[in-house]
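# Secondary and tertiary structure notes
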There are 2 protein chains.
Amino acid sequence: MSEKEFLENYDIHEFDVPLCTVDMAVFSLIENQLNVLLVYRDEHPCKERWALPGGFIDLNKDKSPEAAAHRKLKEKTGLGSAYLEQVETIGSPKRDARGWSLTVLYYALVDITRVTLPKVGKKTVWMPLSELKPRSLAFDHGKLIDVAMKRLRSKATYTALPIELMPAEFTLTELQHLFEMILARDLQAKAFRNRVMSANMVEETGGSKISGKRPAKLYRSTKVDRDTYFSRPLQS
Amino acid sequence: MSEKEFLENYDIHEFDVPLCTVDMAVFSLIENQLNVLLVYRDEHPCKERWALPGGFIDLNKDKSPEAAAHRKLKEKTGLGSAYLEQVETIGSPKRDARGWSLTVLYYALVDITRVTLPKVGKKTVWMPLSELKPRSLAFDHGKLIDVAMKRLRSKATYTALPIELMPAEFTLTELQHLFEMILARDLQAKAFRNRVMSANMVEETGGSKISGKRPAKLYRSTKVDRDTYFSRPLQS
DNA sequence: GCAATAGTGTCTCTTAGACAGTATGCG
DNA sequence: CGCATACTGTCTAAGAGACACTATTGC
């Protein structure tokens, strides 16, 4: 039998296959708090619970799982581009009541000032991580957020990735606070600034920001490769 | 409609789903060379070409993609346990002639002295990476090996993971050679030994090995968590 | 002794961490 | 001025990199 004949006779439904989805933890920084985007489910299963944005790969629209994730990010935030990284693929017979289910988990870091939540369609909401009740979410999405958060935390120790969460202009103190929140520990201002400055990841805008006391210089992030690692990681 | 009713009426085949597989790059060290395990395909598609071990997730047998990977590793190497890590999930409409296909890629590090290749069933072979012709492999498996190898290289800069490839007893010079091969650069003996010793990743067995000249002390790996990172990565 | 491989002493350099000190604004 | 926040000077510690040096074997 030739390959051509084989393919003509191949029945893609001969064997049971898992349900196959893409899910995303979209993180943003709102009022000095890390938030994650949630979508309200008004269909079964897990009807009337909050879930991560995501869903089935559309075999007609999507050329790759990344493409599916980008499409969903665009639908929910209006962002055509943002930092997006695959975290892990998680599957089990139990995680979805419909059957054996596999999800490719991504996380995205977005600048909240550039986001426009959809006016129509499903309800979407920014949930502060500090107020999140992981057990209340649909499926195993509480656990997925935890996995994504662990990855972000790990990355924050050896890259400047969290800078993607900042608005166009920001102060180094604000950036340090963000890292401290992600790493859940205090950082030394001097060491942090040396690190960020010597990596040329930011440049002065010339402006400054007064928050009551001494004004802080404003910076913007330079377009440096996000995958360039610091030569030494932070502790923890 | 209740969730129960919804599930009773849910047709898992209502939408097209991707083909969903697990593939593994199993690495071993044979005669000071990195090898990868290949399996001969005697069925379409990609008939009569070499491929990574892998295949469809068995919804009845496998409780997770990891479980599927472990099952396939056991089938091909006889090993019930080995270091196994998920690398990335790769999918596209083109990578498999049968249709939109998604594969969860793992890599495994095995001690070749503990492996027993199956006597019956599909032909399996250890292919030295130096002799591998990536384009000749089935599907995109040449690229998958490259992705897995990049991950292994990255890990070798900040963990002692490659130690999993060594036999029960080995010399530090042999271990250093392994790291040099993976990283494709020479390492300083002093720095390498300091690093390995101070992390308590190995302990002396008491024995020594003569390879012609001065005998080298033999070590065994201690059961340290493979995910403990060195406080500083190696360059490159 | 010589060759070859195993293993060490010691120096430099970079950078995180610590912490006290200075700078600049407002009331 | 006092106080709060922004930012710096300077020291220490750890560990990688470099490289010359010593150690132990067979012949």
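Our subject is the structure that appears above.
The sections below set out a description of the structure shown in this document.

Moving on to the protein's contact with DNA strand C. Around DNA strand C there are 21 residues in total, and Arg214 and Arg232 of chain A together with Arg193, Arg214 and Lys217 of chain B lie nearest to it. Restricting attention to atoms of DNA strand C within 4 Å of the protein, one finds that 60% of them are sugar or phosphate atoms. Within the side chain of arginine 195 of chain A, an N or O atom sits 3.0 Å from a phosphate oxygen of DNA strand C. With respect to DNA strand C, the side chain of arginine 214 of chain B contributes an N or O atom lying 2.8 Å from a base nitrogen. Elements supplying a minimum of two residues to the surface near DNA strand C: α5 (189–198) of chain A together with α5 (189–198) and β9 (216–221) of chain B. Looking at which element gives the most residues to the surface near DNA strand C, the answer is α5 of chain A, with three residues. Of the residues contributing to the surface near DNA strand C, the split by class is five nonpolar, five polar and eleven charged.

Taken together, the contact between chain A and chain B spans 38 residues of the former and 38 residues of the latter. Interface area for chain A against chain B, summed over the two sides, is near 3,700 Å², with a carbon-plus-sulfur share of 66%. The largest share of the area that chain A buries against chain B comes from His44, Leu59 and Trp100 of chain A, three residues that together contribute 18% of it. Counting across the chain A and chain B interface gives zero salt bridges. Elements represented by at least two residues in the side of chain A that touches chain B include exactly α1 (3–9), β1 (19–30), α2 (65–77), β5 (83–92) and β6 (101–109) of chain A.

A separate point is the relation of the copies chain A and chain B. Rotating chain A by 180 degrees about the axis while translating it 0.0 Å along that axis superimposes it on chain B, leaving an RMSD of 0.1 Å. The relationship between the two copies is best expressed as a two-fold rotation axis. Minimal C-alpha separation from the rotation axis in chain A is found for arginine 232 of chain A, amounting to 2.7 Å.

Residue and element names in this part refer to chain A. Looking at the element boundaries, glutamate 85 is found in strand β5. Among the polar contacts made by the side chain of glutamate 85, one reaches the side chain of tyrosine 83 at a distance of 2.4 Å. If we skip the residues at most four places from it in the chain, glutamate 85 touches Leu105, Tyr106, Tyr107, Arg151, Lys155 and Leu161.

The omega torsion across histidine 44 of chain A and proline 45 of chain A is -10 degrees, close enough to zero to call that bond cis. Inspection of the secondary structure puts proline 45 of chain A in the loop between β2 (33–40) and β3 (50–51). At glutamate 31 of chain B, a residue that is not glycine, the phi angle is positive and equals roughly 50 degrees. Looking at the secondary structure, you find glutamate 31 of chain B in the loop between β1 (19–30) and β2 (33–40).

Further remarks concern the environment of serine 136 of chain A. All names here are of chain A. Counting through the fold element by element, serine 136 comes out in the loop between β7 (124–128) and α3 (141–158). Residue classification places serine 136 among the partly exposed positions, given a relative accessible area of 40%. Counting along the chain gives 95 residues from serine 136 to arginine 41, while the straight-line C-alpha distance between them is 13 Å. A polar side-chain atom of serine 136 sits 2.7 Å from the main-chain carbonyl oxygen of lysine 133.

Another aspect to go through is the side chain of threonine 171 of chain A. Mapping threonine 171 of chain A onto the fold places it in strand β8 (residues 170–171). Apart from residues no more than four positions distant in its own chain, threonine 171 of chain A is found in contact with Lys209, Ala216, Lys217 and Leu218 of chain A.

All right, on to α2 of chain A then. All names here are of chain A. The end-to-end C-alpha distance of α2 is 18 Å, a good match for the 18 Å that 13 residues give at a rise of 1.5 Å each. Listing the buried residues of α2 in full gives Pro65, Ala68, Ala69, Arg71, Lys72, Leu73, Lys76 and Thr77. Where α2 ends, the next residue or the one after it, glycine 78, has phi of about 80 degrees, a positive value.

Quick notes on the rules
- Residues numbered from 1 in each chain as written.
- Chains lettered and ligands numbered in written order.
- Predicted model: local features only at pLDDT ≥ 70, side-chain atom pairs only at ≥ 80, totals over all residues.
- Heavy atoms only, no water.
- Near = heavy atom within 4 Å.
- Polar contact = N/O pair within 3.5 Å; in protein donor to acceptor, adjacent residues only side chain to side chain.
- Helix = DSSP H or I, 4+ residues; strand = E, 2+ residues; numbered from the N terminus.
- Nonpolar A, V, L, I, M, F, W, Y, C, P; charged D, E, K, R; others polar.
- Contact = heavy atoms within 4.5 Å.
- Buried area = accessible area lost by both parts, 1.4 Å probe.
- Salt bridge = Lys/Arg side-chain N within 4 Å of Asp/Glu carboxyl O.
- Least-squares fit on C-alpha atoms with pLDDT ≥ 70 in both.
- Buried < 20%, exposed > 50% of the residue type's maximum accessible area, 1.4 Å probe, protein only.
- Expected span 1.5 Å × (residues − 1).

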